[in-house]
Amino acid sequence: KIWEAIGPNKTSGPKIDLGHHSCDPAGRLAKLDLDHDGIVSVDEIHVALRDVLGLSVDPTEKSLAEYVHSFADTTGDGVVNMSDFEVFCEEMPAFYEGQKWRLAFPKVSASADVTSS
């Protein structure tokens with residue numbers, strides 16, 4: 001969900017075409033890299049979970065942020081940087097193509113399924 005939430009706006013720099021999606025690795029990195037050092041830390045992902053996705057996160061419990069960070073480290077070098085964002089941009093077309101059927105039918109929350117009597 002973070003990937004979609006930090007997607008490019010129409011005024012950002014060079015984009016990679018993802019079919020009906022576009023990708024801007026530098027712009028996406030900039031939205032998460034709060035200290036502008038070129039690396040997205042576990043702490044910055046933790047902040048994004050709270051501020052971008054609106055999740056209620058405990059300041060001392062970062063296991064979800066650590067998991068997202070390990071997933072985002074596509075190159076396996078222990079850091080999340082431009083190289084990782086470029087890999088995501090290259091792989092997203094295949095992901096979206098493989099998930100078209102699921103993405104076409106968003107999940108309905110359990111509360112939306114409840115009808116009043």
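Preceding this section is the structure that the text describes.
Residues numbered from 1 in each chain as written. Predicted model: local features only at pLDDT ≥ 70, side-chain atom pairs only at ≥ 80, totals over all residues. Heavy atoms only, no water.

Peer 1: Help me understand the overall build of the chain in this model?
Peer 2: Helix and strand counts for the chain come out as seven helices and four strands. Going from N to C terminus, the chain has its helices and strands arranged as α-β-β-α-β-α-α-β-α-α-α. A total of 117 residues make up the chain; the buried ones form 26% of that total. Across the chain, contacts joining residues at least 24 apart in sequence account for 43% of those joining residues at least 6 apart. Accessible area for the chain stands at about 7800 Å²; split by element, carbon and sulfur atoms hold 58% of it. (Helix = DSSP H or I, 4+ residues; strand = E, 2+ residues; numbered from the N terminus. Buried < 20%, exposed > 50% of the residue type's maximum accessible area, 1.4 Å probe, protein only. Contact = heavy atoms within 4.5 Å. Areas by Shrake-Rupley, 256 points an atom, 1.4 Å probe, with all protein chains shown as cover.)

Peer 1: Would you explain the environment of Asp73 in this entry?
Peer 2: Among the structural elements, Asp73 can be located in the loop between helix H4 (63–72) and strand S4 (80–81). Placed ten residues apart in sequence, Asp73 and Ser83 show a C-alpha to C-alpha distance of 9.0 Å. Setting aside chain neighbours within four positions, we find Asp73 in contact with Gly78, Val79, Val80 and Asp84. A polar side-chain atom of Asp73 sits 3.3 Å from the main-chain amide nitrogen of Asp77. (Polar contact = N/O pair within 3.5 Å; in protein donor to acceptor, adjacent residues only side chain to side chain.)

Peer 1: Would you explain unusual backbone geometry in this entry?
Peer 2: Leaving glycine out, the prevailing phi sign among residues is negative, and the prevailing peptide bond configuration is trans. One non-glycine residue, His36, lies in positive phi territory at about 55 degrees. By the secondary structure assignment, His36 is in the loop between helix H2 (25–32) and strand S3 (39–40).

Peer 1: Can you help me understand the state of the cysteines in this one?
Peer 2: A covalent bond between the sulfur atoms of two cysteines is what we call a disulfide. For the structure shown, the criterion picks out one disulfide. The partner cysteine of Cys23 in its disulfide is Cys89, sulfur to sulfur 1.7 Å. Linking Cys23 and Cys89, the disulfide has an S-S dihedral of approximately -55 degrees and is accordingly described as left-handed. Taken as a pair, Cys23 in strand S2 (residues 21–23) and Cys89 in helix H5 (residues 82–98) lie far apart in primary sequence, 66 residues in all. Accessibility assignment for this pair places Cys23 and Cys89 in one class, buried. (Disulfide = S-S within 2.5 Å.)

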